[in-house]
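Spelled out from the first residue to the last, the chains are:
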Amino acid sequence: QQPVQSPQAVILREGEDAVINCSSSKALYSVHWYRQKHGEAPVFLMILLKGGEQKGHEKISASFNEKKQQSSLYLTASQLSYSGTYFCGTGVEDSNYQLIWGAGTKLIIKP
Amino acid sequence: DGGITQSPKYLFRKEGQNVTLSCEQNLNHDAMYWYRQDPGQGLRLIYYSQIVNDFQKGDIAEGYSVSREKKESFPLTVTSAQKNPTAFYLCASSMVQGAAEQYFGPGTRLTVT
């Protein structure tokens, strides 16, 4: 039931772009994206809701394909501060509104 | 400043002892959560609470207990029945349960030897 994130890890040079994917086997009503730096709390990036509504930071973009139960997070012109582990949390329909989290994608940005 | 506080940041205990992790929020959120995070893994839900005096088990509740006597407080007790308690514990809250942003505390790293 855990969503699958891909890739597991990615290394970029500063300024390059990255796409992180999150795929579920269940019907979703929401996808949440968070970034976590080592030893710290996850920080909210974006929520994507069934029906098209999105809430999040202006510099972050993401998509949610409801039919395919997939979401992608787009990081463009990456900065050193983007480094960390990115997690998707999926809101599964009929799951009493609990989020099920992926294992994370580790992103390393090099100067 | 509004936010979530967890204390202590690091906690060491001997096997067989119960230990209580503190979580306090001043965001006036109704919903609160406890997660466990192990190295290289995502977050796993231990318990959650939608309102005061009510809470439900998450996926890995065995060996843990909680209380929600006040809206702002949601302490987690790791009992001696928890077979592998060493982990990073995160508390979170949200305005409502469901499709709402979750705010996380800084976490407590528990080591049991």
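For the structure itself, consult the block above.
Residues numbered from 1 in each chain as written. Chains lettered and ligands numbered in written order. Predicted model: local features only at pLDDT ≥ 70, side-chain atom pairs only at ≥ 80, totals over all residues. Heavy atoms only, no water.

### Things to note about the interface of chain B and chain A
Interface size is commonly expressed as the accessible surface area that is lost when the partners come together. With 22 residues of chain B at the contact, the number on the chain A side is 21 residues. Counting the surface lost from both chain B and chain A, the interface buries some 1600 Å², and carbon and sulfur atoms represent 55% of this. Inspection of the chain B/chain A interface yields zero salt bridges. For the pair chain B and chain A, the interface holds three residue pairs in polar contact (both at pLDDT 80 or more). The set of elements that each furnish at least two residues to the side of chain B that touches chain A consists of strand S4 (31-37), strand S5 (43-51) and strand S9 (87-94) of chain B. Residues belonging to the side of chain B that touches chain A are distributed by class as follows: eleven nonpolar, eight polar and three charged. (Contact = heavy atoms within 4.5 Å. Buried area = accessible area lost by both parts, 1.4 Å probe. Salt bridge = Lys/Arg side-chain N within 4 Å of Asp/Glu carboxyl O. Polar contact = N/O pair within 3.5 Å; in protein donor to acceptor, adjacent residues only side chain to side chain. Helix = DSSP H or I, 4+ residues; strand = E, 2+ residues; numbered from the N terminus. Nonpolar A, V, L, I, M, F, W, Y, C, P; charged D, E, K, R; others polar.)

### A short note on the nonpolar core
Residue and element names in this part refer to chain A. If you look at the biggest cluster of nonpolar residues, it comprises 23 residues, and the most contacted ones within it are Trp33, Leu73, Leu75, Tyr86 and Leu107. Of all the secondary-structure elements, those providing two or more residues to this core are strand S2 (9-13), strand S3 (18-23), strand S4 (28-36), strand S5 (43-49), strand S7 (61-65), strand S8 (70-75), strand S9 (84-92) and strand S11 (105-110). Discounting chain neighbours no more than four positions away, the residues touching leucine 75 are Glu16, Asp17, Ala18, Ile20, Ile60, Tyr82, Tyr86 and Leu107. (Core = buried A, V, L, I, M, F, W, Y, C linked by side-chain atoms within 4.5 Å. Buried < 20%, exposed > 50% of the residue type's maximum accessible area, 1.4 Å probe, protein only.)

### A few points about the sheet that holds strand S1 (residues 4-7) of chain B
Residue and element names in this part refer to chain B. Strands sit in the order S1-S3-S8-S7 across an open sheet of four strands; the sheet is antiparallel. Because the sheet does not close on itself, it has two edges, and the strands there are S1 and strand S7 (64-66). Along the sheet, successive strands turn relative to each other by an average axial angle of 20 degrees, direction set aside. Examined bridge by bridge, S7 and strand S8 (residues 76-78) share three bridges and lie antiparallel to one another. In the sheet register, tyrosine 64 faces S8, and the bridge partner there is valine 78. (Pairing = 2+ DSSP bridges. Axes fitted to C-alpha atoms, helices over the stretch in contact; angles between N-to-C directions.)

Geometric values such as these leave the question of function open.
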